[in-house]
Amino acid sequence: MPERKSSLILALARVFFDQASTWRLLLFTILGYAFSLAVILCTLGLMDGFSSTLKEGLRLSSGDAILTNQNGFFKINNATLEEMQIYGVKAIAPVVQTEAFILHDGKSQGVLVKGVENEEMSRVTGMDFQLSEGEVIVGETLANDWRIKNADYISLVLASGKEGDLPQFMPLTVKHTISHGIHEKDSRLVYVGLDHLRATLGIENKMNVALLSFGTTQVNVAEVQERVDNLREILGRPWILKPAWQEFSGLLEAVEIEKTSIAIVLQVIVLVAIFNVAAFLITLQTRKTREFFLLNALGMPRKRFFTFACSVLFTLWLMSCGFAYLFVKFFNYLLMNASWLQVPGDVYVLTKLQVLLQFSDYLFVFGCALLWMVILGGFAINKMQRTSLLSGLRQEFQ
Amino acid sequence: MNPFIRLQAVEKSYGSSHVLRGINLDISTGERIAIRGASGSGKSTLLYLLGALERPNKGRVEINGKNLADQNDEALAQFRNSSVGFVFQFHFLLPSLTAWGNILLPARIGGHDVAAVEKRAKDLAARLGVSALLEKWPHQLSGGEQQRINILRALSLNPPLLLCDEPTGNLDSQNSDKVTGLLRELVQEGKNTLIVVTHDDKVASTFERKIVIEDGQIIR
């Protein structure tokens, strides 16, 4: 019996796809539909990729959350430390953060200097810090702009904390450069040893920023936000606790809102592509109506024909999804590797964009495409269903 | 004993146009009948009702005691496939299949034993003189050849009922005689019931029973 079924399917396929032009039309319909789906996926993926890369980049410089104090410099006592641990804080990196001028090769520029402890900073950010006294890590963009290489000498000029004192001068050797993937961070941040900076500024065992990690392996916005909210409530004033992405929260929120509205607007592209599918169906219907009615007259139930038509549509949809997936991967590859697709970091915040899509994104886009297909296919099938067999035969053969 | 086909008070209309009005007809197994009438008299509609291509608006169309109006679309399709052979005026061969592909189409649609049908079809092809045409495409065949392939397809499953709508309408007189003769010969051997709609008096005269339809009613 399966052999008989397959021979009927083959005969049907031969009847309905007998002309090379039908195959060509089918191929271009699939490619057109796939391209439209890929455009939507890439747009959504770029936005997701932007949010994700930004958050990951911020995590590399600031961990999950940033703790400061209204009074400026502070120490964390044991009671506060215990409370933080109870609320899920797994690691704390003390940081002294100050603004300074960097001097190199006769040039100068304002930078943000972070004094960090190697072990704690590595634990909180996941990056490798191995600073010794007299060494500095420089942001990658800054290093590239200034042609700073490893083992070069630079100087930092820091303001003194006391009125009338001269600026403090820190001669340093470049240990290596560092990339956060965020243009602003890579062009402004330099890292020095915490003790060295404290000694230079005359601050004993204090910090003005503490970076916290909740020990999550990936940035989970909702989870981190909840933990930060809970901990903020417990700590109370004068503590100020913010998620690491707080400084870009407006941007991230805008991207999220844009993502939804663009997804809706981009349905227009699917609509245009669906016209191609409609053209394919109309052509097939026009060319093959006589075959449909004759097969029906010879004993093929309409239900079986409609099952065949639905299978063709489903295959068309499935292949379009497959090609769309490949197009997205190819675009992402180009985005990551082709120099002509690199974005200007000062405009887009990030130095590199990538397409990042979740299963739900594919589900949404492919689901909408399937819905359009069902509506269109249902319409075409319903039209044929309403025509009586005899009038169909007469109309088509006489 | 019930007749093979029984029509009781059958009416058929399309919109406001009444095509058949109260048709009553009994047909026995193996009968050969010619239906005649002017254009638009309803003879083709009657034939299509018998072949379950259409449903009546009123009345009963019974074949072997089963009322076709009570059957669903799938059952009617199955009935058309295994119990009815159609020979249409316009040959209705699918251009995308060879003559052989067209002949085997009903067997493939109905899930029949294709090998057995192939054997029968080859025998019939030899009888109809079309053995050399089986691998040809419909556009490579003449009108008479196409009609013989059409007859071969209709008889490939040896259906108990063979319905022909103007089978010689498009043929010259020589081909027309040949096709009619072959049809009669084949159904006689297969004991099929043959109902033919025709304008042609000469064709009709060769049938034992003749029915004349006028304005949707059987007048004799």
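Residues numbered from 1 in each chain as written. Chains lettered and ligands numbered in written order. Predicted model: local features only at pLDDT ≥ 70, side-chain atom pairs only at ≥ 80, totals over all residues. Heavy atoms only, no water.

Student: Would you mind going over helix 6 (residues 173-190) of chain B with me for this structure?
Tutor: Three or four residues apart is the spacing at which side chains of an α-helix point the same way, because the helix has 3.6 residues per turn. All names here are of chain B. Over its 18 residues, helix 6 extends 26 Å from the first C-alpha to the last, a length consistent with the 26 Å expected when each residue adds 1.5 Å. Within the span of helix 6, buried status applies to Asn175, Ser176, Val179, Thr180, Leu182, Leu183, Arg184, Leu186 and Val187. The secondary structure elements touched by the buried residues of helix 6 are strand 3 (32-37), helix 4 (114-128), helix 5 (143-155), strand 7 (161-165), strand 8 (193-197) and helix 7 (201-205). Two residues or fewer past helix 6, Lys191 is found with a positive phi of approximately 55 degrees. (Helix = DSSP H or I, 4+ residues; strand = E, 2+ residues; numbered from the N terminus. Expected span 1.5 Å × (residues − 1). Buried < 20%, exposed > 50% of the residue type's maximum accessible area, 1.4 Å probe, protein only. Contact = heavy atoms within 4.5 Å.)

Student: Just checking my understanding: could you explain the interface of chain B and chain A for this structure?
Tutor: Note: interface size is frequently given as the accessible area lost on complex formation between the parts. Contacts between the two partners involve 28 residues from chain B, matched on the other side by 27 residues from chain A. Summed over both sides, the interface of chain B with chain A buries roughly 2,500 Å², with 66% coming from carbon and sulfur. Three residues, Phe92, Arg108 and Ile109 of chain B, lead the burial of chain B against chain A; their summed loss comes to 24% of the area buried on that side. Our count for the contact surface shared by chain B and chain A stands at 0 salt bridges. Counting residues per element, the ones that place at least two in the side of chain B that touches chain A are helix 1 (43-50), helix 2 (73-83) and helix 3 (99-110) of chain B. By residue class, the composition of the side of chain B that touches chain A is 14 nonpolar, 7 polar and 7 charged. (Buried area = accessible area lost by both parts, 1.4 Å probe. Salt bridge = Lys/Arg side-chain N within 4 Å of Asp/Glu carboxyl O. Nonpolar A, V, L, I, M, F, W, Y, C, P; charged D, E, K, R; others polar.)

Student: Looking at this structure, I do not really get the packing of aromatic side chains. What am I missing?
Tutor: The geometry of an aromatic ring pair comes down to the distance between the two centres and the angle between the two planes. Under the counting rule described, the total for this entry stands at 7 aromatic pairs over all chains. Ring geometry for Phe74 of chain A and Trp239 of chain A: centres 5.1 Å apart, planes at 85 degrees, overall edge-to-face. With Phe74 of chain A in the loop between strand 1 (65-69) and helix 3 (78-86) and Trp239 of chain A in strand 9 (residues 239-243), this residue pair connects regions lying 165 residues apart in the sequence. Of the two residues, Phe74 of chain A and Trp239 of chain A, neither departs from the other in class, the shared state being buried. In this arrangement the basic side chain of Arg184 of chain B is found over the ring face of Phe207 of chain B, its NZ or CZ atom lying 5.8 Å from the centre. (Phe/Tyr/Trp six-rings, centres within 6.5 Å; stacked < 30°, edge-to-face > 60°. Lys NZ or Arg CZ within 6 Å of the ring centre and 35° of its normal.)

Student: So what exactly am I meant to see when it comes to empty space enclosed by the protein here?
Tutor: In this approach a probe as big as a water molecule rolls over the atoms, and the regions it shows empty are the leftover space. Residue and element names in this part refer to chain A. Within this structure, the stated rule accounts for 3 cavities of 30 Å³ or more. Of the pockets and cavities examined, the largest cavity occupies roughly 260 Å³. Secondary-structure elements contributing two or more residues to the lining of the largest cavity are helix 10 (267-297), helix 11 (302-337) and helix 13 (359-386). Among the elements that make up the lining of the largest cavity, the one with the highest residue count is helix 11 (6 residues). For the lining of the largest cavity, the residue count by class is 13 nonpolar, 2 polar and 1 charged. Taken as a whole, the second largest cavity holds about 90 Å³ of empty space. (1 Å grid on protein atoms, 1.4 Å probe; cavity = no way out; pocket = protein on both sides within 12 Å on 5 of 7 lines; lining within 4 Å. Points joined across faces, edges and corners; volume = space filled by probe spheres on them.)

Student: Explain the sheet that holds strand 4 (residues 58-63) of chain B here, please?
Tutor: Backbone hydrogen bonds are what pair the strands of a sheet, in a parallel or an antiparallel way. Residue and element names in this part refer to chain B. The strand order across the open sheet formed by 4 strands is 2-1-4-5, and the pairing between neighbours is antiparallel. The open sheet terminates on both sides in strands that have one partner only, identified here as strand 2 (17-27) and strand 5 (66-67). With 5 bridges connecting them, strand 1 (residues 5-14) and strand 4 associate as antiparallel partners. Within the sheet, the bridge partner assigned to Gln8 lies in strand 4 and is Arg60. Its contacts with the sheet place helix 1 against strand 1, strand 2 and strand 4, and it is angled at close to 125 degrees to strand 1. (Pairing = 2+ DSSP bridges. Axes fitted to C-alpha atoms, helices over the stretch in contact; angles between N-to-C directions.)

Student: Help me understand the pattern of salt bridges, please; the structure alone is not making it clear to me.
Tutor: For the coordinates displayed, the defined rule picks out 14 salt bridges over all chains. Residue Lys175 of chain A is joined to Glu135 of chain A by a salt bridge in which the shortest nitrogen-to-oxygen separation is 3.9 Å. Residue Lys175 of chain A is located in strand 6 (residues 168-178), and its partner Glu135 of chain A is located in strand 4 (residues 135-139); the two are separated by 40 residues in the primary sequence. A salt bridge links Glu54 of chain B to Lys12 of chain B; the shortest N-O distance between them is 3.3 Å. Taken as a pair, Glu54 of chain B in the loop between helix 1 and strand 4 and Lys12 of chain B in strand 1 lie far apart in primary sequence, 42 residues in all. The same class applies to Glu54 of chain B and to Lys12 of chain B, which are both buried.

Student: Help me understand the pairing of strand 1 of chain B in this model?
Tutor: Sheet faces and side chains relate simply in a regular strand, where the side chains alternate between the two faces. Residue and element names in this part refer to chain B. The sheet contact formed by strand 1 and strand 2 spans 7 bridges and is antiparallel. Considered in strand 2, the bridge of Val10 is made with Ile23. What sits between strand 1 and strand 2 in their antiparallel hairpin is a turn of 2 residues, with Gly15 showing a positive phi close to 65 degrees.

Student: Sorry if this is basic, but what is going on with unusual backbone geometry here?
Tutor: Excluding glycine, a negative phi dihedral is what most residues carry, and trans is how most peptide bonds are arranged. Residue Pro238 of chain A is bonded to the preceding Arg237 of chain A through a cis peptide linkage, with omega at 5 degrees. Along the chain, Pro238 of chain A turns up in the loop between helix 8 (221-235) and strand 9. We note that Ala9 of chain B has phi near 45 degrees; this positive angle belongs to a residue other than glycine. Within the element layout of this structure, Ala9 of chain B appears in strand 1. Ala9 of chain B gets classed as partly exposed once you look at its relative accessible area, which sits at 40%.

Student: Can you help me understand the environment of Leu25 of chain A in this one?
Tutor: All names here are of chain A. Along the chain, the position of Leu25 falls in helix 2 (residues 20-62). Leu25 sits in the partly exposed class, given a relative accessible area of 28%. Between the C-alpha atom of Leu25 and that of Ala279, which follows or precedes it by 254 residues, the distance is 9.1 Å. When sequence neighbours within four positions are dropped, the list of residues in contact with Leu25 reads Phe280 and Thr283.

By themselves, these figures tell us nothing about what the structure is for.
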